[in-house]
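Residue-level structural notes
Listed here are the chains, written in short residue letters.
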Amino acid sequence: MVEFEVVNGELRTKKNLTQLDVFVIDTLTILSRFVDYVLISGYVSIFFGRARGTEDVDVFIDEISEEKFKEFYNAALEKGYEFNIDNAEELYKDYLQDNLSVNMWGKNLPLVRLEIKIAKKYSQKRVLNERVKVFYNGGFLYFSPIEYQIAYKKSILKSEKDLEDARHLEVVFKNLDKEKIEEYVGVVLKEFEDE
Amino acid sequence: MNEREINSRERMKYVEKWAEFVKNNPDEVWSKMQKELIDSQIENAERVKLTKEQVRYIKGR
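Criteria and thresholds
- Position numbers for residues count from 1 along each chain, tracking the sequence in the order it is written.
- Each chain takes a letter, starting from A, and each ligand takes a number, starting from 1, following the order in which they are written.
- Since the coordinates come from a predicted model, pLDDT governs what is reported: local features require at least 70, and pairs of side-chain atoms require 80 or more to be given and counted, while whole-chain, interface and lining totals use all residues.
- Hydrogens and waters are ignored; side-chain quantities use all the structure's heavy atoms.
- By definition, any uninterrupted DSSP run of H or I lasting at least four residues is a helix, any uninterrupted run of E lasting at least two residues is a strand, and each is numbered from the N terminus.
- Note on areas: these come from Shrake-Rupley sampling with a 1.4 Å probe, and a residue is covered only by the protein chains present in the view.
- Per residue, pLDDT measures the predictor's confidence, with a range of 0 to 100.
- The rule is simple: take the accessible area with a 1.4 Å probe, protein chains only, and divide by the maximum for that residue type; under 20% is buried, over 50% is exposed, in between is partly exposed.
- We call two residues in contact whenever any of their non-hydrogen atoms come within 4.5 Å of each other.
- Under the convention used throughout, the expected extent of a helix is 1.5 Å for every residue step, that is, one less than its residue count.
- An arc is given here, and it is the one of the directions from the helix axis to the C-beta atoms.
- Using a 1.4 Å probe, buried area is obtained as the accessible area two parts lose upon being combined, added over both of them.
- The term salt bridge refers to a pairing of a side-chain nitrogen on Lys or Arg with a carboxyl oxygen on Asp or Glu at a separation within 4 Å.
- Polar contact is the term for a pair of N or O atoms within 3.5 Å; when the atoms are in protein, one must be able to donate a hydrogen and the other to accept it, and sequence-neighboring residues count only if both atoms are side-chain atoms.
- Gly falls in the polar group here, along with every residue not listed as nonpolar (Ala, Val, Leu, Ile, Met, Phe, Trp, Tyr, Cys, Pro) or charged (Asp, Glu, Lys, Arg).
- A pair of strands is treated as paired once DSSP finds two or more bridges between them.
- For our purposes a nonpolar core is just a set of buried Ala, Val, Leu, Ile, Met, Phe, Trp, Tyr and Cys residues, chained together by side-chain atoms within 4.5 Å.
- All axes are obtained by fitting lines to C-alpha atoms, using only the stretch in contact for helices, and the reported angles, taken between N-to-C directions, cover 0 to 180 degrees.
- In this scheme, roughly parallel covers angles under 35 degrees and roughly antiparallel covers those over 145, while 65 to 115 is roughly perpendicular and the rest are oblique.
- In this scheme the crossing of two helices becomes right-handed for a clockwise turn of the near helix relative to the far one and left-handed for an anticlockwise turn of less than a right angle.

Examining the overall build of chain B
The number of helices and strands found in chain B is three helices and zero strands. What you see in chain B, going N to C, is helices and strands ordered as α-α-α. Within the structure as shown, chain B displays about 4,300 Å² of accessible surface, and the carbon and sulfur contribution to it stands at 53%.

Given below as structure tokens:
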């Protein structure tokens, strides 16, 4: 019996890492040297066992200066990654600051991308602040609160895939905070209506 | 219930069945199976060898 459970903002697991996991770990090892991040969306369900792959791994990051972003960009290039466009300044100004995602992928693996966005909305900043530290094998990653994922997927996204992702999390996690899910639903629905 | 709704219901049943398997088996067991599935998808994608321009086209920007 191995239900996942978050205790005091942390969770521990030991799993066979997929190539997708290795990609995520490698890219976030670089990113985390420059800015705080939180993993969101489909990869959250996948890391915790969902039987599907993905082409996009989404993260929110904290506000970042152009200088820091350029340092991150150069560090990623050195490690063999590339981006939407080959210009760090344009990426920062025309993508990141314009609420578009900066995509990062390995030169030989363009179909699996890390999609980076700045947390702008209240709910996004809150997810970043309430991120869960997940220890796997020898390292750790920061994930969104599971309750937020369930709330967002069931109340905003609502595609078949998203509803399945949410259901998977509801089954494999124990002691999920139902009141917190309802609260997140209220927050994200209000943000959605205000847009 | 139309065909699409029936398909959705059947897919959700499978999702729940797999989630129960994950819940009731050690991490090493389910993650080995998951690894086989996901790694094979990635290996297929690697064979495609899309260019950066093609990826941008797919993404619409």
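Side note on the confidence of the model for chain B
Residue and element names in this part refer to chain B. The pLDDT averaged across chain B works out to 86; a share of 89% of its residues lies at or above 70. The least confident element of chain B is helix H3 (residues 52-59), whose mean pLDDT is 69; the most confident is helix H1 (residues 3-24), at 94. The complex prediction reports pTM at 0.92, with the ipTM value standing at 0.88.

Some details on helix H5 (residues 122-129) of chain A
Taken together, the buried positions of H5(A) are occupied by A:Ser123, A:Gln124, A:Arg126, A:Val127 and A:Leu128. Considering only its buried residues, H5(A) is in contact with strand S2 (37-40), strand S3 (56-61), strand S6 (109-118), helix H6 (146-157) and helix H8 (178-194) of chain A.

Some words on helix H2 (residues 27-48) of chain B
All names here are of chain B. In a regular helix each residue adds 1.5 Å, so 22 residues correspond to 32 Å; H2 covers 31 Å between its end C-alpha atoms and thus fits that length. Those residues of H2 not exposed but buried are Asp27, Trp30, Ser31, Gln34, Ile38, Asp39, Ile42 and Ala45. Seen from one end, H2 has its buried residues packed into an arc of 150°, which puts them on one side. Seen from the buried face of H2, the exposed residues on the opposite side, beyond 90 degrees, are Glu36 and Arg47. Downstream of H2 by a residue or two, Lys49 has a phi angle that is positive, lying close to 55°.

A closer look at the interface of chain B and chain A
With 36 residues of chain B at the contact, the number on the chain A side is 44 residues. Taking both sides of the interface into account, the surface hidden between chain B and chain A amounts to around 3,600 Å²; carbon and sulfur atoms contribute 59%. For the pair chain B and chain A, the interface holds three salt bridges. Here chain B and chain A share 14 residue pairs in polar contact (both at pLDDT 80 or more) between them. At the level of secondary structure, the elements contributing two or more residues to the side of chain B that touches chain A comprise H1, H2 and H3 of chain B. A total of 15 residues in the side of chain B that touches chain A trace back to one element, the largest contributor, which is H2(B). Its residues placed into classes, the side of chain B that touches chain A shows 14 nonpolar, seven polar and 15 charged.

Some remarks on the pairing of strand S7 (residues 132-136) of chain A
Residue and element names in this part refer to chain A. Side-chain alternation along S7 places Val132, Val134 and Tyr136 on a buried face and Lys133 and Phe135 on a face that remains uncovered. Of the strand pairs in this sheet, strand S1 (residues 10-13) and S7 are connected by four bridges, and their pairing is parallel. Along S7, the bridge assignment pairs Glu10 with Lys133. Between S7 and strand S8 (residues 139-143), which pair antiparallel one after the other, the connecting turn spans two residues, and Asn137 there sits at a positive phi close to 35°.

Comments concerning the pairing of S2(A)
Residue and element names in this part refer to chain A. Side chains Tyr37 and Leu39 of S2 all project onto a buried face; the interleaved residues Val38 and Ile40 project onto the opposite face, where all are buried too. Sheet topology places S2 next to S3; four bridges connect them, and they run antiparallel. Bridging from a neighbouring strand, Tyr37 pairs with Ile61 of S3.

Notes on the nonpolar core
All names here are of chain A. If you look at the biggest cluster of nonpolar residues, it comprises 74 residues, and the most contacted ones within it are Leu39, Tyr43, Phe48, Phe72, Ile116 and Leu141. No other element matches helix H1 (residues 19-31), which puts seven residues into this core. Residues within four places of Tyr43 in sequence aside, it is in contact with Leu20, Asp21, Val24, Val57, Leu141 and Phe143.

A word on the pattern of salt bridges
Residue and element names in this part refer to chain A. One pass over the full model with this rule turns up 29 salt bridges over all chains. Notably, a salt bridge pairs Lys15 with Asp21, separated by 3.1 Å at the nearest N-O pair. By relative accessible area, which is 4% here, Lys15 ends up buried. On the accessibility criterion, Asp21 (1% relative accessible area) is buried. Lys180 serves as the salt-bridge partner of Glu130, at 3.9 Å between the closest nitrogen and oxygen. Here the residue Glu130 occupies a position in the loop between H5 and S7, and Lys180 occupies one in helix H8, the gap between them amounting to 50 residues.

Digging into the packing of helix H3 (residues 66-78) of chain A against helix H4 (residues 88-96) of chain A
Helix-helix packing is described using two parameters, namely the angle between the two axes and the distance between the axes. All names here are of chain A. Their axes nearest at 9 Å, the elements H3 and H4 cross at an angle of 120°. By the criterion of interaxial angle, the relationship of H3 to H4 is oblique. Seen from above, H3 lies across H4 with right-handed handedness. Residues Glu66, Phe69, Lys70 and Tyr73 of H3 form the contact with H4, whose own contacting residues are Ala88, Glu89, Leu91, Tyr92, Lys93 and Leu96. Split by residue class, the contact of H3 with H4 holds six nonpolar, no polar and four charged.

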